[in-house]
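An overview of the molecular structure
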Amino acid sequence: MRETLVPEEKSSAANCIWRWLATGFFFALFGIGGLLLSIIWFNLLRLIIRQPERLHRMTLNSIRNSFRFFLSGLRRVGVMDYRFIGDEKFQQDAGCLIVANHPSLLDYVILASRMPRCDCIVKQALLQNPFLSGVIKAAGYLINTGSDALLQACETRLQAGGTLLVFPEGTRSLPGKPMILQRGAANIALRAGCDVRIVHISCQPPMLTKKGKWYEIPRVKPQFVITVADKVKAEDFLDESDLSPALAARRLTQHLCTELMRSNTQNNEK
């Protein structure tokens, strides 16, 4: 069932203050929730479930359901709203690389709340975050070390039926700036020989952007629209005449950039 969004009018000062307070509360809740999952829930799962595969599946399910609860709370208190278009396609994406544009800090949470399985590449610095490090380790997320070992780990995860989420920009988009993709996503897809699912994320007005602070509340409640588009086959970008694998990666990266730019133009700050 898809949610419908109600067009927003300019909020009153009282509503802006309420959303500011609610945003701060949910930011704190997110961190505390991650800590409680790590200290209590994941340890309970380890005591109860002995099979590694089932334990991993239950851990990912717990994270997904926690994200759904978190997003439902943000919606109910009026901080933001969101809807999905075509999210049923995620059911077809075992062994698939998911690429998306990255306008907001909430993008990962939103996508992981709907994907049946979400393997993710995270920054190494997040392992130093006491609120998130336990979740990252329990979920078995891949750490972005920028090495060949990471490419091998991604290939192994995809070939085992995982669904790997990557934001090929490497960081959140800068509103109003051209989109620049790194070639990491294309290299992963070509090495694993997997399909690539393209996801468009639009947020109007912008919220939690790269340079925006959590307390900078838009005057209108932000509306997220997540459109799950079609797949492309990485092998279609290979050419027998290529002198280097880098040429295929360049072609695939350019294609992904063209597709993702279609949504990026909707994410400019006003």
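Residues numbered from 1 in each chain as written. Predicted model: local features only at pLDDT ≥ 70, side-chain atom pairs only at ≥ 80, totals over all residues. Heavy atoms only, no water.

**What to know about the overall build of the protein chain**
Looking only at helices and strands, the protein chain features 7 helices and 7 strands. Listed by position from the N terminus, the elements making up the protein chain come as α-α-β-β-α-β-α-β-α-β-α-β-β-α. Computed over its C-alpha atoms, the radius of gyration of the protein chain comes to 19 Å, within 12% of the 18 Å expected for a compact globule of 270 residues. Looking at the protein chain residue by residue over its 270 residues, the buried ones come to 47%. In the protein chain, the proportion of contacts linking residues at least 24 apart, taken out of those at least 6 apart, comes to 79%. Total accessible area on the protein chain is roughly 14,200 Å²; 58% of this is exposed by carbon and sulfur atoms. Of the charged side chains in the protein chain, 34 are positive and 23 negative; the average position of the first set lies 8 Å away from that of the second. (Helix = DSSP H or I, 4+ residues; strand = E, 2+ residues; numbered from the N terminus. Rg over C-alpha atoms; globule rule 2.2 N^0.38 Å. Buried < 20%, exposed > 50% of the residue type's maximum accessible area, 1.4 Å probe, protein only. Contact = heavy atoms within 4.5 Å. Areas by Shrake-Rupley, 256 points an atom, 1.4 Å probe, with all protein chains shown as cover. Lys, Arg positive; Asp, Glu negative; His and termini not counted. Charge placed at Lys NZ, Arg CZ, Asp CG, Glu CD.)

**Remarks on the pattern of salt bridges**
According to the stated counting rule, one finds 9 salt bridges in the structure shown. With a closest N to O distance of 2.9 Å, arginine 197 and aspartate 93 form a salt bridge. Of the two residues, arginine 197 sits in strand β6 (residues 195-204) while aspartate 93 sits in the loop between β1 (81-85) and β2 (97-100), which places them 104 residues apart along the sequence. For aspartate 195, the salt bridge is made with lysine 233, and the minimal N-O distance between the two is 3.6 Å. Placement of the pair is aspartate 195 in strand β6 and lysine 233 in strand β7 (residues 223-233), with a sequence separation of 38 residues. For aspartate 195, a relative accessible area of 22% gives the class partly exposed. Here lysine 233 falls in the partly exposed class, since its relative accessible area comes to 40%. (Salt bridge = Lys/Arg side-chain N within 4 Å of Asp/Glu carboxyl O.)

**Some remarks on the side chain of glutamate 259**
By secondary structure assignment, the location of glutamate 259 is in helix α7 (residues 245-264). With residues near it in sequence (within four places) discarded, glutamate 259 still touches Ile198 and His200.

**Section: the confidence of the model for the protein chain**
Residues at a pLDDT of 70 or more form 93% of the protein chain, whose mean pLDDT is 90. Confidence over residues 265-270 falls short of pLDDT 50; this stretch has 19 contacts with residues more than four positions distant or in other chains. (pLDDT = per-residue confidence, 0-100.)

**A look at the nonpolar core**
In this structure, Met80, Leu106, Tyr108, Leu111, Tyr141, Val199 and Phe224 are the most contacted members of the largest nonpolar core, which totals 46 residues. For this core, the element with the highest residue contribution is helix α2 (residues 52-76), accounting for 7 residues. Within the second largest apolar cluster, 29 residues are counted, among which are Leu97, Met179, Ala186 and Val196. (Core = buried A, V, L, I, M, F, W, Y, C linked by side-chain atoms within 4.5 Å.)

**Regarding α2**
The first and last C-alpha atoms of α2 sit 36 Å apart over 25 residues, in line with the 36 Å expected at 1.5 Å per residue. Regarding α2, the residues found buried are Leu55, Thr59, Leu60, Ser62, Ile63, Arg64, Phe67, Phe70, Leu71, Gly73 and Leu74. Those residues of α2 hidden inside the fold are in contact with α1 (13-48), β1, α3 (107-112) and α4 (133-139). (Expected span 1.5 Å × (residues − 1).)

**Looking at the packing of aromatic side chains**
In this description, an aromatic ring pair is defined by two values, namely the gap between the centres and the angle between the planes. Evaluation of the coordinates by the stated rule reveals 10 aromatic pairs. An angle of 85 degrees between the planes, with centres 6.3 Å apart, marks the rings of tyrosine 82 and phenylalanine 84 as edge-to-face. Residue tyrosine 82 is classed as buried on the basis of its relative accessible area, which comes to 7%. Here the aromatic residues Phe25, Phe26, Phe30, Phe67, Phe70, Tyr108 and Tyr141 are joined through ring pairs into a cluster of three or more. Positioned above the aromatic ring of tyrosine 82, the side-chain terminus of arginine 75 is 4.0 Å from the ring centre. (Phe/Tyr/Trp six-rings, centres within 6.5 Å; stacked < 30°, edge-to-face > 60°. Lys NZ or Arg CZ within 6 Å of the ring centre and 35° of its normal.)

**A few points about the UniProt feature "domain: Phospholipid/glycerol acyltransferase" (unreviewed entry) in the protein chain**
Mapped onto the present numbering, the UniProt feature "domain: Phospholipid/glycerol acyltransferase" (unreviewed entry) falls on residues 96-206. Each end of residues 96-206 is marked by a C-alpha atom, and these two atoms are 29 Å apart; helix forms 31% of the span and strand 23%. (UniProt positions renumbered as here; feature names shortened; annotations may be inferred.)

**Observations regarding the packing of α1 against α2**
One can describe the packing of α1 onto α2 by two numbers: an axis separation of 11 Å at closest approach and a directional angle of 155 degrees. When the axes of α1 and α2 are compared, the pair comes out roughly antiparallel. In this structure, α1 crosses over α2, and the sense of that crossing is right-handed. Residues Phe26, Phe30, Leu37, Trp41, Phe42, Leu45 and Arg46 of α1 form the contact with α2, whose participating residues are Leu55, Met58, Thr59, Ser62, Ile63, Ser66, Phe67, Phe70, Gly73 and Leu74. Tallied by class, residues from the contact of α1 with α2 come to 12 nonpolar, 4 polar and 1 charged. (Axes fitted to C-alpha atoms, helices over the stretch in contact; angles between N-to-C directions. Parallel < 35°, antiparallel > 145°, perpendicular 65-115°, else oblique. Left-handed = near helix turned anticlockwise from the far one by under 90°. Nonpolar A, V, L, I, M, F, W, Y, C, P; charged D, E, K, R; others polar.)

**Comments concerning the environment of alanine 28**
With respect to the helices and strands, alanine 28 occurs in helix α1. What makes alanine 28 partly exposed here is its relative accessible area of 40%. Once the C-alpha coordinates of alanine 28 and serine 104 are considered, the two residues, 76 residues apart in sequence, prove to be 18 Å apart.

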